[in-house]
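Structural overview for review
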Amino acid sequence: MNRNMIEKARELTNTQLRKSNQALRKNLKRVIECSSDNEKAQERMDDYEALVFEAESLKEMFDSMITQGRRIFEVQFITVALEQAHISMYPEGYKKKGKSIFLESKNVFFAPAITIALHFPEIPQVVLRGRLKEGNEFFFPGAAAVIHSEALIPLRTPDGALTGALCFGSKAPQRFMEGYGTRFLDRLGRLVSLKMEVFRAEEMAAKAS
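Reading the values: the criteria
- Residues numbered from 1 in each chain as written.
- Predicted model: local features only at pLDDT ≥ 70, side-chain atom pairs only at ≥ 80, totals over all residues.
- Heavy atoms only, no water.
- Helix = DSSP H or I, 4+ residues; strand = E, 2+ residues; numbered from the N terminus.
- Buried < 20%, exposed > 50% of the residue type's maximum accessible area, 1.4 Å probe, protein only.
- Areas by Shrake-Rupley, 256 points an atom, 1.4 Å probe, with all protein chains shown as cover.
- Pairing = 2+ DSSP bridges.
- 1 Å grid on protein atoms, 1.4 Å probe; cavity = no way out; pocket = protein on both sides within 12 Å on 5 of 7 lines; lining within 4 Å.
- Points joined across faces, edges and corners; volume = space filled by probe spheres on them.
- Nonpolar A, V, L, I, M, F, W, Y, C, P; charged D, E, K, R; others polar.

1. A word on the overall build of the chain
Per the secondary structure count, the chain includes 4 helices and 5 strands. N-terminal to C-terminal, the α/β element order of the chain is α-α-β-β-α-β-β-β-α. For the chain, the proportion of its 209 residues judged to be buried stands at 39%. Total accessible area on the chain is roughly 13200 Å²; 55% of this is exposed by carbon and sulfur atoms.

Printed below as a string of structure tokens:
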């Protein structure tokens, strides 16, 4: 009787150990997959931030962020809204009506800061929206109907005034979702805003000389 109980206890222990090992293997696999995904995400972030650091003009920076950003992040739409004063840093006729010789001019537009601010909380912060019937028409004019998730990043001066927005739109409903972490997007917004101030300072210095 005691031997039978010992055998059953041993079998039960072995079964529990096998289940524990299987669970550990699954958890390890998840950790490895998450680590790999995080590494790839960091590589994409580094590549994107490099575009900001290497740009020599405001137009060059946003052109590369739009064209290469679609490839880096595999999103269909990237647009930039800028406070109207920034148009002086673009070529004359950049937003001329009709067909433009500037490839990304349709994805960069200028508007009063107060108009841009209407699409952010009272204290501007990154806005993530998912499972949308359509995207934000102001930031994605002509494409909102096919956008089902979006990330809107405020661009601000050092004193906190809103000076623009960098916007990502995706056809995938769950690409950007409320509740997702925004640490990278916050950092990206600060970096782009700082580089914009550098270009603004350079423009003012050139005018003064």
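2. Structural notes on unusual backbone geometry
Even without being glycine, E74 reaches a positive phi, approximately 55°. Residue placement: E74 occurs in the loop between helix 2 (58–73) and strand 1 (77–83). Given a relative accessible area of 62%, E74 falls into the exposed group. Of note, R131 is a non-glycine position whose phi angle comes to about 50°, a positive value. In this structure, R131 sits in the loop between strand 3 (127–129) and strand 4 (149–156). You can call R131 exposed: its relative accessible area is 56%.

3. Some points on the pairing of strand 2 (residues 108–111)
The alternating pattern of strand 2 places V108 and F110 on one face and F109 and A111 on the opposite face, and all of these are buried. Strand direction decides the pairing type here: strand 1 and strand 2, joined by 4 bridges, are parallel. Along strand 2, the bridge assignment pairs E83 with A111.

4. Let's talk about the layout of surface pockets
Put simply, the largest pocket is a space of about 390 Å³. Around the largest pocket, the lining comprises 15 residues; the ones closest to its centre are M45, R175, F176, F184 and L185. Listed by contribution, the elements that provide at least two residues to the lining of the largest pocket are helix 1 (2–54) and helix 4 (183–208). For the lining of the largest pocket, a count of residues per class yields 10 nonpolar, 2 polar and 3 charged.

Read these as geometric descriptors, not functional statements.
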